[in-house]
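Here is how the chains run, residue by residue.
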Amino acid sequence: MDKTRLGIGLVVVVLVVQTLATLVWSADATLTGVALAFNAVAAVSTFLFVRRGGRAAWVVVAWCAGFFGWHVLGLGELAGWWTTGLEAAFLVASQYQVSVVYQAVVATAAGFAVHLLLPRQRQASVAPPM
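Now for a look at the structure at hand.

Quick notes on the rules
Residues numbered from 1 in each chain as written. Predicted model: local features only at pLDDT ≥ 70, side-chain atom pairs only at ≥ 80, totals over all residues. Heavy atoms only, no water. 1 Å grid on protein atoms, 1.4 Å probe; cavity = no way out; pocket = protein on both sides within 12 Å on 5 of 7 lines; lining within 4 Å. Points joined across faces, edges and corners; volume = space filled by probe spheres on them. Nonpolar A, V, L, I, M, F, W, Y, C, P; charged D, E, K, R; others polar. Helix = DSSP H or I, 4+ residues; strand = E, 2+ residues; numbered from the N terminus. Buried < 20%, exposed > 50% of the residue type's maximum accessible area, 1.4 Å probe, protein only. Expected span 1.5 Å × (residues − 1). Contact = heavy atoms within 4.5 Å.

**Overview of the layout of surface pockets**
Put simply, the largest pocket is a space of about 430 Å³. Taken together, 23 residues form the lining of the largest pocket, with Gln18, Thr22, Ala35, Trp70 and His71 sitting closest to its centre. Of the residues in the lining of the largest pocket, the class split is 15 nonpolar, eight polar and no charged. Lining the second largest pocket are ten residues; nearest its centre among them are Thr4, Leu116, Leu117, Leu118 and Pro119.

If you want it as C-alpha cells, here you go:
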C-alpha cells in the first residue's frame, strides 16, 4: 500500500470517527453544526482527491492539519496546559480519561495523514565525487 492510499484511509477513518463522536457526544448544537460542516467539506475534498488525483490534495492536507490542531488544542485543554474555555467541546461522554485518549488518538491519526499526504519532492541523483 502506498503512502497516499494509507493517508486517504486515515482521513476516512478520522472523518467517520469524528462525525460519530460529534453526533453522539456533542455538548452544543452550534458546535455540532460547525463540526458537521467541516467534516462534510473534508469528505467532499477527499472524494475529489481520490477521483482527480493530486489537484485536491492541498485541501485534504489543510483539513487534516486543522483537525490535528483542533485536537491538540483539546488535548492541551484537558491536560491543563492551557485554558481556552472550550473544555466542554472536548469532553467525550463526559468522561475525562476517555476524552484525553480520544483527543490523543485522533490528533495522532490526523498528524500521520498530513505526513502521508504531503507532496514529496524527488531528489535528483547526484554522482559521487571522484
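So, next bit.
**Section: the environment of leucine 23**
On the secondary structure map, leucine 23 appears in helix H1 (residues 3–25). When its relative accessible area of 55% is taken as the criterion, leucine 23 is described as exposed. For leucine 23 and alanine 35, which are twelve residues apart along the polypeptide, the C-alpha to C-alpha distance reads 9.4 Å.

**A word on helix H3 (residues 57–79)**
The first and last C-alpha atoms of H3 sit 32 Å apart over 23 residues, in line with the 33 Å expected at 1.5 Å per residue. Those residues of H3 lying buried are Ala57, Val60, Val61, Trp63, Cys64, Phe67, His71, Gly74, Leu75, Gly76, Glu77 and Leu78. Residues of H3 that are buried in the fold lie against H1, helix H2 (29–52), helix H4 (87–90) and helix H5 (96–117). Residue glycine 80 follows H3 closely and has a positive phi angle near 85 degrees.

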